[in-house]
Every structure is written in structure tokens, then in C-alpha cells.
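Next come the chains, spelled out residue by residue.
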Amino acid sequence: MIAADSSFVHQGLASRVVFGRGTIAQVTDEVVRLDLNRVLVVTSPEQEAQGNDLAAQLGKRTRDTFAEATMHVPASVAAAAGALARDIAADGVVALGGGSAIGLAKAVALETSLPILAIPTTYAGSEMTPVWGLTDGQRKRTGRDTRVLPKTVVYDLDLTTSLPADLSVTSAVNALAHAVEAMYAPDGSPVVSLTAESAASALLSGIDAIATAPDDMDARARLTYGAWLAGSCLGATTMSLHHKLCHVLGGLYDLPHAWTHTVLLPYVMRYNLAVAADARERLSRAVGSEDPPGVLVELLGRHGLRRSLADLGMTFGDIDRAVDQAVGSAYPNPREVTAPEVTRILSAALCGDDP
Ligand code: NAD
């Protein structure tokens, strides 16, 4: 609630959002609206056929398709895409796919300043943020640059139904993590908190519904809407311990992105919500229970998707290095981040204990 002693800075990020079913048919109009004539289409190898269909739809407005996007944007792939963009004198990039395809478009934009039109097909939320990432060897660099924020985002609910069941849920939990950490972000605002609560509510209800009806389009709408809102929270605020741990584990041990979020989130929620009263209240309202981490664990169990970090390939011998990195630099968190506590969280998540 707003009060006389409220004080905040809210930086809105401008992007145009087209939302609905079958909206991919509007992409050419949106490309024209941006006054683009020679776009490069980027996507992942698994979505190459879809990328080619999109290129066919764009006709003379596109010059080529680059279908080599992979997780965490390897610098060599970014360089190849950038070189192709220059070769064909591209005047824009159209990204079709999940965070990997959008991340690749961002890497090209970082180098060339080309505008991006994004068509997200997962719930990761990268399309709503000015955050870029690039991986060289084992080192992932990230940064913020408004040039990489997509100018237009086309959400087409029909594109999400082909997401495999496990990726639908883990990707939605990835989005939920953005909303949760935005609720206690040091640079949050009443607008961010409101958005994050709506995101959590839409995402949790969508996850619940697709457990029994994966093709329920109302549920897909809630998930996509939640992903949009959660992505905008990620773009507007600074993330805390949960995102730090996922970043560290992804970088050190190449753990799968959405799965790492899914396994860790209930543990970090339990840890941080103990002191983050406003976030706890908002999440309790969103899930209709005083125990948000418990509800999430129960939901994952219903989907048959409860896993441990050991299931993802991590071992006890890996914990110390991860703890060193997680406590080795300063970042905001509502509760003090200490080596013993991070060791406890990671050990519990490694064993799959109840959070
Ligand atoms: P992803 O983009 O790697 O997609 C996973 C797989 O699912 C790929 O093979 C993809 O082709 C396939 N896929 C995507 N949509 C599909 C669909 N509708 N139907 C069938 N298959 C589909 O995974 P992701 O989790 O979306 O993205 C992860 C990456 O995004 C990570 O590198 C992460 O760091 C990054 N990310 C960045 C930000 C940011 O703000 N910069 C935010 C979130 C995630």
C-alpha cells in the first residue's frame, strides 16, 4: 500500500506487445510497422522448420534464417550470427523461440544496434528485459543495455502448445522466480509489486491447470500473460540469491536453466520469505495458502516433476565451489547470504529434501 513515507524510482521499459491466438500471422505487419525490410530470422535448431515458415511468410522483408541458437549464447554462435547479419545488410532481427533464440538476437543487437522483434515460445521472459548474456568457455558475462530490449513482442498462445509438458512447467517456474525476486528487490516499486503478484497468480493457476489439461488454452493464456508480467519485473529490478545461485550453477556445471530454477526456487523462497513480509503476503494471496513454497512443491509433485540437484547431475563435491561463487560478491538479498546457509540450501536441494 502506498503511504506518505513511500519513496521509489520506477523505470518503465517501452515495448509494444501483441497478444493472442494466431498472432504469428501479424508478424509481417509488425515488421512493416517497424519499417524493416531485410530482417534476419534467428531460432534454435529444433525450431528451424518453424523459422523457415516464418521467413516464407515475411517474403521479401527477410534475407536469411539462422537456426543455431543454443542455451547461454556461446560467443562463437553470436559472432557467426553477427557476421551473417552484416553480410546480408540486415536492418533488424526477428527472434522465434525461447530464451536461447531471443538471447542470440540480443547478442547481435548488442554488436550492431539492430532492432529486435521477438516471438517467444517459452515462458522464460527474456523478451521483456534489456539483459543480455554471452558465454565464452565456462564464463558467462551478462549486462544491461536498452538496445537489446525488443521493440515489439508478439505472444502467440498457439505456439506454446507444442512445448513438452516438463518444459511448460519448468519454464513457467523460471518465470515465477522472476516475480518472486522482484517482490523483494531493492529497486522495486508499487507497480512492480502489483505486476509481480499478478504474474505469480496467473503462472501458478496456469501450472495447476495444465497438470490435467495441457492443451487448455485458457491456462496457456494465463501462463503466457504471467510470463510477460514476470519478464517485465525481471527487466525492471535487480534479482537476488535465487538468480545468483541459478547463474552460478549454470555457469559452473552447465545445469539446465529452467530445471535449475524449478529445483531451487522452493528452497530460496523458504529462506527469503521468512524475512520478506510483503512478498510473503503477496505470494500467500497469489497461491491462496500461508505456505507458498509448500504449494509449489505440491504442484510440482502433481506434475511428477519433483527433482533434486543430484538428478540434474550435481554432486556433493560440487557444492563448495558453488558456495564460494555465491557468497564471493555482494548483491542484494532480503536475508543475509552466508556460506553456511548457502551450503545448507544447496545440500537440501541436492538431496531433494522437503524445503
Ligand atoms: P530454450 O530457448 O533453450 O528452449 C529450450 C528448447 O525448447 C529448445 O530446444 C527450443 O527450441 C525448444 N522450444 C522452445 N519453444 C518451444 C515450443 N513452443 N515447442 C517446442 N519446443 C520449443 O530455453 P529457455 O528456458 O526458454 O531459455 C533459456 C535461456 O534463456 C538461458 O540461456 C537463459 O540464461 C536465458 N534467459 C535470459 C533472460 C534474459 O533476460 N536475458 C531471461 C530468461 C532466460
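Report follows, based on the coordinates.

**Let's talk about the side chain of T260**
Then step 1. Here T260 is to be found in helix 10 (residues 257–273).
Then step 2. Setting aside chain neighbours within four positions, we find T260 in contact with C246, L249, L255 and L312.

**Quick word on the state of the cysteines**
Then step 1. In this structure the tally under the stated criterion is zero disulfides.
Then step 2. The thiol of C233 is unpaired, and the distance to the nearest cysteine sulfur, on C246, comes to 17 Å.
Then step 3. A residue is classified by how much of its surface remains accessible, and C246, at 8% relative accessible area, is buried.

**Comments concerning the pattern of salt bridges**
Then step 1. In the structure shown here, the tally under the stated rule is 12 salt bridges.
Then step 2. Here R282 and E197 are joined by a salt bridge, their closest N and O atoms 2.8 Å apart. Placement of the pair is R282 in helix 11 (residues 277–287) and E197 in helix 7 (residues 190–210), with a sequence separation of 85 residues. Summarising the burial analysis for this pair, R282 and E197 share the class buried.

**Regarding the site of the ligand**
Then step 1. The environment of the ligand is made up of 22 residues, and the closest members are S100, T121, T122, T129 and S162.
Then step 2. One of the side-chain N or O atoms of E46 is found 3.0 Å from an oxygen atom in the ligand.
Then step 3. Coverage of the ligand by the protein chains reaches 86% of its 860 Å² of free accessible surface.
Then step 4. Here the element with the most residues in the shell around the ligand is helix 4 (residues 99–112); it accounts for three residues.
Then step 5. Taken together, the residues of the shell around the ligand sort by class into seven nonpolar, 12 polar and three charged.

**Considerations on the packing of helix 9 (residues 241–253) against helix 13 (residues 319–327)**
Then step 1. Where helix 9 meets helix 13, the closest approach of the two axes is 10 Å, and the angle between their N-to-C directions is 135 degrees. By the angle class used here, helix 9 and helix 13 are oblique. Along this stretch, helix 9 crosses helix 13, giving a crossing that reads as right-handed. Across the interface between the two elements, K244, L245, V248, L249, L252 and Y253 from helix 9 touch R321, A322, Q325 and A326 from helix 13.

**Overview of the side chain of N272**
Then step 1. Looking at the secondary structure, you find N272 in helix 10.
Then step 2. Not counting the four nearest positions on each side in its chain, N272 is found in contact with E181, Y184, L241, N333, P334 and R335.

**Here we look at the packing of helix 6 (residues 165–183) against helix 9**
Then step 1. Close contact between helix 6 and helix 9 brings their axes to 9 Å; oriented N to C, the two are set at 135 degrees. As far as their axial angle goes, helix 9 and helix 6 are oblique. On helix 9, the residues that touch A177, H178 and E181 of helix 6 are L241, H242 and H243.
Then step 2. Along the lines of polarity and charge, the residues of the contact of helix 6 with helix 9 split into two nonpolar, three polar and one charged.

Criteria and cut-off values
- Residues numbered from 1 in each chain as written.
- Predicted model: local features only at pLDDT ≥ 70, side-chain atom pairs only at ≥ 80, totals over all residues.
- Heavy atoms only, no water.
- Helix = DSSP H or I, 4+ residues; strand = E, 2+ residues; numbered from the N terminus.
- Contact = heavy atoms within 4.5 Å.
- Disulfide = S-S within 2.5 Å.
- Buried < 20%, exposed > 50% of the residue type's maximum accessible area, 1.4 Å probe, protein only.
- Salt bridge = Lys/Arg side-chain N within 4 Å of Asp/Glu carboxyl O.
- Near = heavy atom within 4 Å.
- Polar contact = N/O pair within 3.5 Å; in protein donor to acceptor, adjacent residues only side chain to side chain.
- Areas by Shrake-Rupley, 256 points an atom, 1.4 Å probe, with all protein chains shown as cover.
- Nonpolar A, V, L, I, M, F, W, Y, C, P; charged D, E, K, R; others polar.
- Axes fitted to C-alpha atoms, helices over the stretch in contact; angles between N-to-C directions.
- Parallel < 35°, antiparallel > 145°, perpendicular 65-115°, else oblique.
- Left-handed = near helix turned anticlockwise from the far one by under 90°.

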